[in-house]
Amino acid sequence: MCVTCGCSDDNAKITHPQTGEVVVVDSDNNQHHTHTLPDGTIINHSHDQDKIKDASIHAKIHHTTISLEQNILAKNDLIAAQNRGWFKGRNILALNLVSSPGSGKTTLLTRTINDLKNKLTISVIEGDQETINDAQKIEATGCKVIQINTGTGCHLDALMVEKGLQQLNPSLDSVVMIENVGNLVCPALFDLGEQAKVAIISITEGEDKPIKYPHIFRASNVMIITKIDLLPYVQFDVAKCIGYAREVNPNIQIFQVSALTGEGLNDWYQWLAMEVNHQL
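Residues numbered from 1 in each chain as written. Predicted model: local features only at pLDDT ≥ 70, side-chain atom pairs only at ≥ 80, totals over all residues. Heavy atoms only, no water.

**Quick look at the overall build of the protein**
- Assigned secondary structure in the protein consists of eight helices and 11 strands.
- Burial status across the protein gives 48% buried among its 280 residues.
- If you take every contact in the protein between residues at least 6 apart in sequence, the share linking residues at least 24 apart comes to 67%. (Helix = DSSP H or I, 4+ residues; strand = E, 2+ residues; numbered from the N terminus. Buried < 20%, exposed > 50% of the residue type's maximum accessible area, 1.4 Å probe, protein only. Contact = heavy atoms within 4.5 Å.)

**What about the pattern of salt bridges?**
- All told, the structure shown has five salt bridges when counted by the stated rule.
- One salt bridge connects Lys 197 with Glu 194, and the closest N-O pair in it is separated by 2.6 Å.
- For Lys 197, a relative accessible area of 7% gives the class buried. (Salt bridge = Lys/Arg side-chain N within 4 Å of Asp/Glu carboxyl O.)

**What to know about the nonpolar core**
- Leu 95, Val 124, Met 177, Ile 224, Trp 268 and Leu 272 are the most contacted members of the largest nonpolar core, which totals 29 residues.
- The set of elements that each furnish at least two residues to this core consists of β5 (93-99), α2 (105-116), β6 (122-128), α3 (133-139), β8 (175-179), β9 (196-202), β10 (222-226) and α8 (265-279).
- Apart from residues no more than four positions distant in its own chain, Met 177 is found in contact with Leu 95, Leu 97, Leu 109, Thr 112, Ile 122, Ser 123, Val 124, Ile 125, Trp 268 and Leu 272.
- Counting residues in each nonpolar core, the second largest holds 22 residues, with Ile 79, Ile 92, Ile 148 and Val 161 among its members. (Core = buried A, V, L, I, M, F, W, Y, C linked by side-chain atoms within 4.5 Å.)

**So, the environment of Ile 201**
- Tracing the chain through its elements places Ile 201 in strand β9.
- Separated by 96 residues in the primary sequence, Ile 201 and Lys 105 place their C-alpha atoms 8.8 Å from one another.

**As for the side chain of Asp 157**
- Tracing the chain through its elements places Asp 157 in the loop between β7 (145-149) and α4 (158-168).
- Salt bridges are absent for the buried Asp 157, whose nearest opposite-charge side chain, Lys 75, sits at 7.6 Å.
- For Asp 157, the contacting residues outside a window of four places in its chain are Asn 76, Phe 190 and Leu 192. (Lys, Arg positive; Asp, Glu negative; His and termini not counted.)

**A few points about α2**
- End to end, α2 covers 16 Å across 12 residues, agreeing with the expected 16 Å (1.5 Å per residue, within 8%).
- Three or more residues of α2 are buried, namely Lys 105, Thr 106, Leu 108, Leu 109, Thr 110, Thr 112, Ile 113 and Leu 116. (Expected span 1.5 Å × (residues − 1).)

**Quick look at α8**
- Its 15 residues place the ends of α8 21 Å apart at the C-alpha level, agreeing with the 21 Å of an ideal helix rising 1.5 Å per residue.
- Of the positions making up α8, those classed as buried are Leu 265, Trp 268, Tyr 269, Trp 271, Leu 272, Glu 275, Val 276 and Gln 279. Buried residues of α8, seen end-on, are gathered within an arc of 160° and therefore sit on one face of the element. What points out from α8, more than 90 degrees from its buried face, is the exposed set Asn 266, Gln 270, Met 274, Asn 277 and His 278. (Arc of directions from axis to C-beta.)

**Some words on the side chain of Asn 83**
- Among the structural elements, Asn 83 can be located in helix α1 (residues 74-89).
- Here Asn 83 falls in the buried class, since its relative accessible area comes to 2%.
- Here the side chain of Asn 83 touches Ala 158 through a polar contact of 3.1 Å, landing on its backbone oxygen.
- Leaving out residues up to four positions away in the same chain, Asn 83 has contacts with Ala 158, Val 161, Glu 162, Leu 192 and Gly 193. (Polar contact = N/O pair within 3.5 Å; in protein donor to acceptor, adjacent residues only side chain to side chain.)

**Describing the packing of aromatic side chains**
- Under the counting rule described, the total for this entry stands at three aromatic pairs.
- Between Trp 268 and Trp 271, the ring centres sit 5.7 Å apart and the planes meet at 15°, which makes this aromatic pair stacked. Here Trp 268 and its partner Trp 271 are both found in helix α8, three residues apart, which amounts to about one turn of the helix. We note that Trp 268, like Trp 271, is buried. (Phe/Tyr/Trp six-rings, centres within 6.5 Å; stacked < 30°, edge-to-face > 60°.)

**A look at the pairing of strand β2 (residues 22-25)**
- Taken together, the four bridges between strand β1 (residues 12-15) and β2 define a ladder with antiparallel strand orientation. Looking at the pairing, Ile 14 lines up with Val 23 of β2.
- Adjacent in sequence and paired antiparallel, β1 and β2 are bridged by six residues, among which Gly 20 carries a positive phi angle near 80°. (Pairing = 2+ DSSP bridges.)

**Examining the packing of α1 against α4**
- The interhelical angle for the contact between α1 and α4, taken along N-to-C directions, is 35°, at an axis separation of 8 Å. Taken as a pair, α1 and α4 cross one another with a handedness that is left-handed. Listed contacts from α4 to Asn 76, Ile 79, Ala 80, Gln 82, Asn 83, Trp 86 and Phe 87 of α1 are Ala 158, Leu 159, Val 161, Glu 162 and Leu 165. (Axes fitted to C-alpha atoms, helices over the stretch in contact; angles between N-to-C directions. Left-handed = near helix turned anticlockwise from the far one by under 90°.)

**A closer look at the confidence of the model for the protein**
- Within the protein, residue pLDDT values average 85, and 80% of them lie at 70 or more.
- Every residue in residues 29-45 scores below 50 in pLDDT, and together they form 46 contacts with partners more than four places removed in sequence or on other chains. (pLDDT = per-residue confidence, 0-100.)

Written out as structure tokens, the structure reads:
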């Protein structure tokens, strides 16, 4: 059981949509795994169990104060740092796409890949609890994709991404899009080694999402408001949504797009191109 968010620690599985090959991600704390350095050197090692600080519990007579101090994310942060170095050594821009279910992440991602396939090399790590449906949609664009199914888990973690990268083998000087499991809570806590988090919210959701789930928007570099072609038909106050987002994160960059009509996508693409150039 994940003590951070309460989700199961069942092993995730990685699926190649084209071949059907399945690789299980062993979540054992002492798992041996491999890193390939930028010079091609391969290192095999294992992490000590959790490297988590002991919890300290303090009780006082008449007023019992319990202080639990655990760095429960220490193991994840260590692997995330290794992932970040792996990306940097290969000039890969890694983006972590986060949202609630049904926001239009996959639709936006497939439109982005199709529109930019002649300009950027993009590959995808697709995260869902079950099925390879979204990975198959991504595969239809012609880009490389790996599906990670988390089972009862509600988010991707750095170890899953590390194993996914070994299977994906993205190109040098490219972009890796990590489509996280639909959830606005836990992905805010788990660093995957990405360059930036991109929070996606659709106008079919409430405009107050940024203040209801402030941690994910505070942790994100970008917010994309999707499905703006539906604005005439739903009650969604764009100005309020942007105001709430700026309230929790004054530096967040905001784009308004429709993956259906293409409106606003050029601004998103220009930001993406600038980030790629900066990475290189």
